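Given next are the chains, with one letter for each unit.
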Amino acid sequence: MTVKQLSVFVENKQGKLKDIVNAISGSDVNIRAMSIADTKDYGILRLIVSDIEEAKKALTEDCLSSVNEVIAVGLNDKAGSLADILNILGENDIDIDYLYAFTARTDKGAYVVLRVADTNAAEAVFAEKNVPMLSDDDLKNI
């Protein structure tokens, strides 16, 4: 089970990130999780949102963006939960491109978003190990 992630290229200039976040928030879309990686000239803003289509509509035409499939898995609130997830992937030779975490206000759960080299294999192994995965519909309600 995957979720859609919005990736936005952000020019590394004062106010650009603020403008993007304000546009998305102004369209009544809830930002559930975000991560930004930057270089000297630009950054890549990665977002998990409550409504991907509305978020894309909110961006200006000069905003370069893409939608990717990622996996969002639930973590137990105990030491070693993230290590357990990473061990499952490692034991199955599934490479991780990047990850970031977030919490949900409704269930107070902790989640990690993973971009992996083989999404289908990761989904299968997480299902086999009973690791809870979020769907796009889940993101609207947490």
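No experiment lies behind these values; they were computed from the predicted model shown.

Basis of the calculations
- Residues numbered from 1 in each chain as written.
- Predicted model: local features only at pLDDT ≥ 70, side-chain atom pairs only at ≥ 80, totals over all residues.
- Heavy atoms only, no water.
- Helix = DSSP H or I, 4+ residues; strand = E, 2+ residues; numbered from the N terminus.
- Rg over C-alpha atoms; globule rule 2.2 N^0.38 Å.
- Contact = heavy atoms within 4.5 Å.
- Areas by Shrake-Rupley, 256 points an atom, 1.4 Å probe, with all protein chains shown as cover.
- Lys, Arg positive; Asp, Glu negative; His and termini not counted.
- Charge placed at Lys NZ, Arg CZ, Asp CG, Glu CD.
- Patch = residues over 30% accessible without salt bridge, like charges linked within 9 Å, V, L, I, M, F, W, Y side chains within 5 Å.
- Salt bridge = Lys/Arg side-chain N within 4 Å of Asp/Glu carboxyl O.
- Pairing = 2+ DSSP bridges.
- Axes fitted to C-alpha atoms, helices over the stretch in contact; angles between N-to-C directions.
- Parallel < 35°, antiparallel > 145°, perpendicular 65-115°, else oblique.
- Left-handed = near helix turned anticlockwise from the far one by under 90°.
- Nonpolar A, V, L, I, M, F, W, Y, C, P; charged D, E, K, R; others polar.
- Buried < 20%, exposed > 50% of the residue type's maximum accessible area, 1.4 Å probe, protein only.
- Polar contact = N/O pair within 3.5 Å; in protein donor to acceptor, adjacent residues only side chain to side chain.

Trainee: When you look at the overall build of the chain in this model, what are you seeing that I'm missing?
Mentor: For the chain, the helix and strand inventory stands at five helices and six strands. Reading the helices (α) and strands (β) of the chain from amino to carboxyl end gives β-α-β-β-α-β-α-β-β-α-α. For a compact globule of 142 residues, the expected C-alpha radius of gyration is about 14 Å, and the chain comes in at 16 Å, within 12% of that figure. Counted over contacts in the chain with a minimum sequence separation of 6, partners at least 24 positions apart contribute 67%. Put simply, the chain shows about 8100 Å² of open surface, and 46% of that area lies on carbon and sulfur atoms. Each charge class in the chain was averaged separately, 15 positive and 24 negative side chains, and the resulting centres sit 6 Å apart.

Trainee: Looking at this structure, how should I read a nonpolar patch on the surface?
Mentor: A cluster of nonpolar side chains, Phe9, Tyr42 and Leu64, forms an exposed patch at the surface whose accessible area comes to about 300 Å². In this fold, Tyr42 is placed in strand E3 (residues 42-49).

Trainee: Please clarify how the sheet that holds strand E6 (residues 110-116) should be interpreted in this entry.
Mentor: Sheets are built from strands that pair by backbone hydrogen bonding, the pairs being arranged parallel or antiparallel. Pairing in this open sheet of six strands is antiparallel, and the strands run E2-E3-E1-E4-E6-E5 from one edge to the other. Bordering the open sheet on either side are strand E2 (31-38) and strand E5 (96-103), each of which pairs with just one other strand. Each neighbouring strand pair of the sheet contributes to a mean axis angle of 30 degrees, computed without reference to strand direction. With seven bridges joining them, E2 and E3 adopt antiparallel strand pairing. Looking across to E3, one finds that Ala37 is bridged to Ile44. Running at roughly 145 degrees to strand E1 (residues 3-11), helix H1 (residues 16-26) makes contact with E1, E2 and E3 of the sheet.

Trainee: So what exactly am I meant to see when it comes to the packing of helix H3 (residues 81-91) against helix H4 (residues 119-128) here?
Mentor: Geometry of a packed helix pair, given as the angle between the helix axes and the separation of the axes. For the pair H3 and H4, interaxial distance at closest approach is 10 Å and the crossing angle is 120 degrees. Taken together, the axes of H3 and H4 are oblique relative to one another. As for the relative orientation of H3 and H4, their crossing is right-handed in sense. Taken together, the residues of H4 that come into contact with H3 (itself represented by Ile85, Ile88 and Leu89) are Ala122, Val125 and Phe126. Partitioning the contact of H3 with H4 into residue classes produces six nonpolar, no polar and no charged.

Trainee: It is not clear to me how the pattern of salt bridges should be interpreted in this structure. Could you clarify?
Mentor: Any two side chains of opposite charge can pair, on the condition that their charged atoms come close. Summed over all chains, the structure comprises five salt bridges. One salt bridge in this structure joins Glu69 and Lys4, with 4.0 Å as the shortest N-O distance. Of this pair, Glu69 sits in strand E4 (residues 65-75) while Lys4 sits in strand E1, placing them 65 residues apart in sequence. With a relative accessible area of 35%, Glu69 lands in the partly exposed category. Among the ionic pairs, Glu11 bridges to Lys13, the shortest N-O distance being 3.1 Å.

Trainee: Help me understand the side chain of Asn68, please; the structure alone is not making it clear to me.
Mentor: You can see Asn68 is positioned in strand E4. The class of Asn68 is buried, set by a relative accessible area of 17%. A distance of 3.4 Å separates the side chain of Asn68 from the side chain of Ser7, its partner in a polar contact. Within the structure, Asn68 has its side chain in polar contact with the side chain of Ser66 (distance 3.5 Å). Once residues lying within four places of it in the same chain are set aside, the contact partners of Asn68 are Val3, Lys4, Gln5, Ser7 and Arg115.

The analysis is restricted to geometry; functional conclusions fall outside its scope.
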